[in-house]
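Take a look at the letters that make up each chain.
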Amino acid sequence: MGKFYRILIITLKFLCLVFIAWFAVYFLLGDRFSIYFTDRVFASWFPQILVFLTAASIYALFILAIKSSRKKWQNILLFIGGFFFALIPFVTYHGYFQYQCEFWNDEIKSEKTLYINSLNQNETVKVVNSFCTNEESEIKTDTVFSKKFTPYFELNDEVKIKKAEKSDWTVFR
């Protein structure tokens, strides 16, 4: 039982660190990656889910640091301190990130498929109209190359369309 318990604790700590790192990468470097959720409703909820998972992970790391071999006041400080450190993701998201016009606050108003690759139906070129949800902003229009690589994720990269004589792309009507 002791070995199983140690493996479980190490796995929990690793998962907590993964969620914390995911939070940092998503909000600080996320615009450099072109991976998006295909489900637009889930995509709008994902930042809040990630903030909660990060806060729970921080608190779990503090709780896992509580040991019976420590003095009682040290364990109480870990318990209370963990709660305050777990507030950091909520404060940073709701105090700063929520009010930024970045990709996590973009809501797609409409998208229109222009071209489909005849060799791979998962590759399309579309025009995406989006706007920032936290302020009354103009609708921004982007032409993107989209490639679905699972039913849940797609890669989107901005493109400029040029006419070619011979290609595998067909006009979508």
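Participant: Sorry if this is basic, but what is going on with the nonpolar core here?
Facilitator: Nonpolar side chains tend toward joint burial in soluble globular proteins. Phe-23, Tyr-26, Phe-27, Phe-37, Phe-46, Leu-50, Val-51, Tyr-93, Phe-97, Phe-103 and Trp-104 together form the largest nonpolar core, which totals 11 residues. Sorting the residues of this core by element identifies α1 (2-29) and α2 (40-64) as the ones contributing at least two each. Among residues more than four places away in sequence, those in contact with Phe-103 are Tyr-26, Gly-30 and Asp-31.

Participant: Would you explain the layout of surface pockets in this entry?
Facilitator: Empty space among the atoms can be located by rolling a probe the size of a water molecule over them. Its boundaries defined by the atoms lining it, the largest pocket holds a volume of some 1,100 Å³. Forming the boundary of the largest pocket are 37 residues, of which Ile-35, Tyr-36, Phe-103, Trp-104 and Asp-106 lie nearest the centre. Breaking the lining of the largest pocket down by element, the ones donating at least two residues are α1, β1 (35-37), α2, β2 (106-117), β3 (123-132), β4 (140-148) and β5 (153-158). Broken down by element, the lining of the largest pocket gets its largest block of residues, 5 residues, from α2. Broken down by class, the residue content of the lining of the largest pocket amounts to 17 nonpolar, 9 polar and 11 charged.

Participant: Looking at this structure, how should I read the confidence of the model for the chain?
Facilitator: Parts of the prediction with low pLDDT should not have their coordinates interpreted in detail. The predicted model of the chain has a mean per-residue pLDDT of 85, with 92% of residues at 70 or higher. Across the chain, the secondary-structure element scoring lowest on mean pLDDT is strand β6 (residues 169-171), at 68, and the one scoring highest is α1, at 93.

Participant: When you look at the pairing of β5 in this model, what are you seeing that I'm missing?
Facilitator: Side chains on a regular strand alternate between the two faces of the sheet. Where β1 lies against β5, 3 bridges are found, and the strand directions are antiparallel. The partner of Tyr-36 across the bridge, within β5, is Glu-154. Looking at chain direction, β4 and β5 are connected through 5 bridges and run antiparallel. Within the sheet, the bridge partner assigned to Phe-145 lies in β5 and is Asp-157. Hairpin connection, β4 to β5: the antiparallel pair is bridged by 4 residues.

Participant: Can you help me understand the packing of aromatic side chains in this one?
Facilitator: Centre distance and the angle of the planes are the two values used to describe a pair of aromatic rings. Scanning the model with the defined rule gives 16 aromatic pairs in all. Consider the rings of Phe-19 and Trp-22, whose centres lie 6.3 Å apart with planes at 10°: the pair is stacked. Of the two residues, Phe-19 and Trp-22 both sit in helix α1, 3 residues apart, roughly one turn of that helix.

Definitions and limits used
Residues numbered from 1 in each chain as written. Predicted model: local features only at pLDDT ≥ 70, side-chain atom pairs only at ≥ 80, totals over all residues. Heavy atoms only, no water. Core = buried A, V, L, I, M, F, W, Y, C linked by side-chain atoms within 4.5 Å. Buried < 20%, exposed > 50% of the residue type's maximum accessible area, 1.4 Å probe, protein only. Helix = DSSP H or I, 4+ residues; strand = E, 2+ residues; numbered from the N terminus. Contact = heavy atoms within 4.5 Å. 1 Å grid on protein atoms, 1.4 Å probe; cavity = no way out; pocket = protein on both sides within 12 Å on 5 of 7 lines; lining within 4 Å. Points joined across faces, edges and corners; volume = space filled by probe spheres on them. Nonpolar A, V, L, I, M, F, W, Y, C, P; charged D, E, K, R; others polar. pLDDT = per-residue confidence, 0-100. Pairing = 2+ DSSP bridges. Phe/Tyr/Trp six-rings, centres within 6.5 Å; stacked < 30°, edge-to-face > 60°.

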